[in-house]
Amino acid sequence: MQAKSGIVSRSVSSVSSFRSGSFFAKLLAILSMAVTVVLVDSVNAEAEAANPKYAGIVVDAKTGNVLYSENADRLQYPASLTKMMTLYMTFEALEQGRIRLDTPVPFSAHAAAQAPTKLGVRAGGTITVEQGILGLVTLSANDAATALGEMLGGSEDRFGQMMTAKAHALGMTRTTYRNANGLPNTAQMTTARDQARLGIALRQHFPQYYGYFSTRAFKFGTRTIRSHNRLVGSVRGVDGIKTGYTRAAGFNLVSSVQVDGKSIVSVVLGGTSGPARDAQMRNLIATYLPKASSRGGSSQLIAQAAPAPAMIETPAPVQPQKAAQVARQAVPQQQVAPQQVAKTITAAQPPISAAAADLGLPRKGPLPDARYQVAETEVAYTETSATKSDNPLVAQAMPAPTKVKTTSFKQQAPAAAPAEPDSATVDHVTTASTSAAPASAAPAGWVVQVGVSPSRQMAMDLLEGAKTKGGKALASAKPFAVAYGSGNDQVYRARFGGFDDQRDAVNACKALKKAGIKCWAAAQ
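Predicted model, so just to flag it, every value in this text is computed and none were measured.

Parameters and conventions
Residues numbered from 1 in each chain as written. Predicted model: local features only at pLDDT ≥ 70, side-chain atom pairs only at ≥ 80, totals over all residues. Heavy atoms only, no water. Helix = DSSP H or I, 4+ residues; strand = E, 2+ residues; numbered from the N terminus. Buried < 20%, exposed > 50% of the residue type's maximum accessible area, 1.4 Å probe, protein only. Contact = heavy atoms within 4.5 Å. Axes fitted to C-alpha atoms, helices over the stretch in contact; angles between N-to-C directions. Parallel < 35°, antiparallel > 145°, perpendicular 65-115°, else oblique. Left-handed = near helix turned anticlockwise from the far one by under 90°. Nonpolar A, V, L, I, M, F, W, Y, C, P; charged D, E, K, R; others polar. Disulfide = S-S within 2.5 Å. Salt bridge = Lys/Arg side-chain N within 4 Å of Asp/Glu carboxyl O. Pairing = 2+ DSSP bridges. pLDDT = per-residue confidence, 0-100. Expected span 1.5 Å × (residues − 1). Polar contact = N/O pair within 3.5 Å; in protein donor to acceptor, adjacent residues only side chain to side chain. Core = buried A, V, L, I, M, F, W, Y, C linked by side-chain atoms within 4.5 Å.

We now examine the overall build of the protein. Within the protein one finds 13 helices and 15 strands. Here the protein holds 524 residues, and the buried ones make up 50% of them. In the protein, the proportion of contacts linking residues at least 24 apart, taken out of those at least 6 apart, comes to 69%.

Printed below as a string of structure tokens:
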């Protein structure tokens, strides 16, 4: 019995030792994997920061302090970060009651033909607004973004103009949009700083809809669509926002983090790969979240911008009768509960642009072709970061990557609407100081016009950028903005005056054209 007892004891001891060894082996393996992940992330982050296309910024979302920045004001392609503005415009329309979550979104042939990734809805089909939102935040669906843009703007070109105007109203002064999804367009540019501003605005302006950005998967028909954002659910406190990629843009990411009473928005642009981009973002979060304030006022850092123009529906080409029926009645403008059934969508011609008359085009019918309008990126948004701007952040010097910057995002109230003229033929002139003046104050003689903008400030920004490119030919020229039209049709002609004769004006215009800026000269 004693011998047997000893055998049993040794057996139990052996089993216990085996189990203990197995446990420690597993623990060692887990620790080894964790260290490997940390080391890989560290190497990826260092390599990413050395990438010449890289730009990044981290902003304390409570105080507006810029905790880190690297090339934060350099113009870069947004890729699918563009969809953040498409969603901003969609949330705004929802908040104003112009659409509902169950409002049908028609797919035109143009929307259905967008390149992947996409939901794959055929021309003439529809999805709901909510499905469109989910398609954008998870799959980054290009077809759904285009369909939403066409519904809200009447056409994608028109929606691009609306997006750009909204961006500038939010203080994103170096951002220009040309489409709703971010597919390649050389005129569509932004900066890391502007994307941080948009990320904060989305969270602060639409808390009731912001939760969509944390969606990790949703059902679409028989498909389960999973999010491209790998940090949501894997990094503590990350609640969105958006990924993006094109070959020209590189791998982009905007992340929002809220944890332990601290809140930051971080941006990485131009990543060399998805893993490298994500590693750099994790590194930024780990480094700068502890430096964020746990205090701070509850006031919004980004002022609410003026409401977007009324939504326009573009009927699906293959179902004109059905689309016309959907668009019979106007949706009330007050806030409506999202779960209520959508009754109607306002159908109307897009507002006639005074720019059409300004360029000698017919005032009836759709907006003039985009090639007749001066692209603002050709002038105002190709300056260096030293160029002045109405964004209080742009003029600030960039800190070293490891230093804390105390400059804040300041709240910007939307620019006051200009006084409506008594007649559509009355010109209101704004000089470089942006103060209103009577028409008689416009410079006499010949003028050079470089573009037409929807706001006075945008016109002055256009002129400021053009003057830096015009060189000696514009050294003594006087920039001013002339209001044309009234109400929704009002636009601002961006002009240089003070030319004594036609030759001087024409030579100045030639100098601008050599710099890539479209213009024309005329007698005042």
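What follows deals with the packing of helix α4 (residues 129-139) against helix α5 (residues 142-153). Orientation of α4 relative to α5, taken along the N-to-C sense of each, is 135°, at an axis distance of 9 Å. Overall, the two elements α4 and α5 adopt an arrangement that is oblique. For the pair α4 and α5, the sense of crossing is left-handed. Side by side, α4 and α5 meet where V129, G132 and L136 of the first sit next to A144, A145, L148 and M151 of the second. Along the lines of polarity and charge, the residues of the contact of α4 with α5 split into 6 nonpolar, 1 polar and no charged.

With that out of the way, let us pick up the state of the cysteines. Covalently bonding the sulfur atom of one cysteine to the sulfur atom of another cysteine gives a disulfide. Considering all chains together, one arrives at 1 disulfide under this definition. The disulfide partner of C509 is C519, and the gap between their sulfur atoms is 2.1 Å. Across the S-S bond linking C509 and C519, the dihedral sits near 115°, which makes this disulfide right-handed. Of the two residues, C509 is situated in helix α13 (residues 502-514) and C519 in the loop between α13 and β15 (520-523); the sequence distance between them amounts to 10 residues.

Considering all chains together, one arrives at 4 salt bridges under this definition. Between D73 and R193 there is a salt bridge; the shortest N-O distance is 2.6 Å. Of this pair, D73 sits in the loop between β2 (66-70) and α2 (82-95) while R193 sits in helix α7 (residues 192-205); the two residues are 120 residues apart in sequence, bridging distant segments of the chain. Here D73 matches R193 in class, with each residue buried. With a shortest N-O distance of 3.0 Å, D260 and R236 are connected by a salt bridge. Of this pair, D260 sits in the loop between β8 (250-259) and β9 (262-271) while R236 sits in the loop between β6 (223-226) and β7 (238-246), and the two are 24 residues apart along the sequence. For D260, a relative accessible area of 60% puts it in the exposed group.

By the element assignment, A72 lies in the loop between β2 and α2. The buried category is assigned to A72, whose relative accessible area is 0%. Separated by 124 residues in sequence, A72 and A196 place their C-alpha atoms 9.6 Å apart.

This part takes up the sheet that holds strand β1 (residues 55-60). Strands in a sheet are paired, the pairing made by backbone hydrogen bonds, and the direction either parallel or antiparallel. The 5 strands lie next to each other as β2-β1-β9-β8-β7, forming an open sheet whose pairing is antiparallel. The open sheet has two free edges, formed respectively by β2 and β7, since each of these has just one partner strand. This sheet shows a mean twist of 5° between the axes of neighbouring strands, independent of strand direction. Pairing analysis gives 4 bridges linking β1 to β2, with the strands arranged antiparallel. Looking across to β2, one finds that V59 is bridged to V66.

This part is about the pairing of β7. Burial analysis of β7 places 8 of its 9 residues in the buried class, which makes it a mostly covered element. For β7 and β8, the ladder comprises 7 bridges, and the chain directions are antiparallel. Opposite T243, over in β8, you have L253 as the bridge partner. Turn length for the β7-β8 hairpin, with the two strands adjacent in sequence and antiparallel, is 3 residues.

All right, on to the confidence of the model for the protein then. For the protein, per-residue confidence averages 73 on the pLDDT scale, and 62% of positions sit at 70 or higher. Ranking the elements of the protein by mean pLDDT puts helix α11 (residues 354-358) last, at 32, and strand β3 (residues 104-106) first, at 98. Considering only residues more than four positions removed or in separate chains, one finds that residues 1-18, a stretch of pLDDT under 50, has 0 contacts. The low-confidence segment residues 311-407 (pLDDT under 50) makes 215 contacts with residues lying over four places distant or belonging to another chain.

As a further point, take the packing of α2 against α7. Remark: α2 packs on α7, axes separated minimally by 11 Å, with the N-to-C direction vectors making an angle of 25°. In this view, α2 runs roughly parallel relative to α7, as classed from their interaxial angle. With respect to the hand of their crossing, α2 and α7 are arranged in left-handed fashion. Between α2 and α7, the residues in contact are M84, M85, Y88, F91 and E95 and Q195, L198, G199, A201, L202 and H205, respectively. Taken together, the residues of the contact of α2 with α7 sort by class into 7 nonpolar, 3 polar and 1 charged.

Its 14 residues place the ends of α7 20 Å apart at the C-alpha level, agreeing with the 20 Å of an ideal helix rising 1.5 Å per residue. The buried count for α7 comes to 14 of 14 residues, which makes it a mostly enclosed element.

Positionally, S80 belongs in the loop between β2 and α2. Of the residues examined, S80 reaches a relative accessible area of 10% and is grouped as buried. Looking at S80, its side chain comes within polar contact range of the side chain of K83, at 2.7 Å. A polar side-chain atom of S80 sits 3.1 Å from a polar atom in the side chain of S140.

Let's shift gears to α5. Taking 1.5 Å of rise per residue, 12 residues should cover 16 Å, and α5 covers 16 Å from first to last C-alpha, within 8% of that figure. Among the 12 residues that make up α5, 12 are buried, leaving the element largely enclosed by the rest of the structure. As for α5, its buried residues are in contact with α2, β3, α3 (109-112), β4 (126-128), α4 and α6 (156-169).

To continue, consider the nonpolar core. Core analysis: the biggest nonpolar cluster contains 66 residues, and M85, F91, L119, L170 and L198 have the highest contact counts within it. Top element by residues in this core is α2. It accounts for 8 residues. Residues contacting F91, with those up to four places away along its chain left out, are I133, L202, F206, Y209, Y212 and F213. Residues V448, A477, A505 and C509 belong to the second largest nonpolar core, which totals 21 residues.

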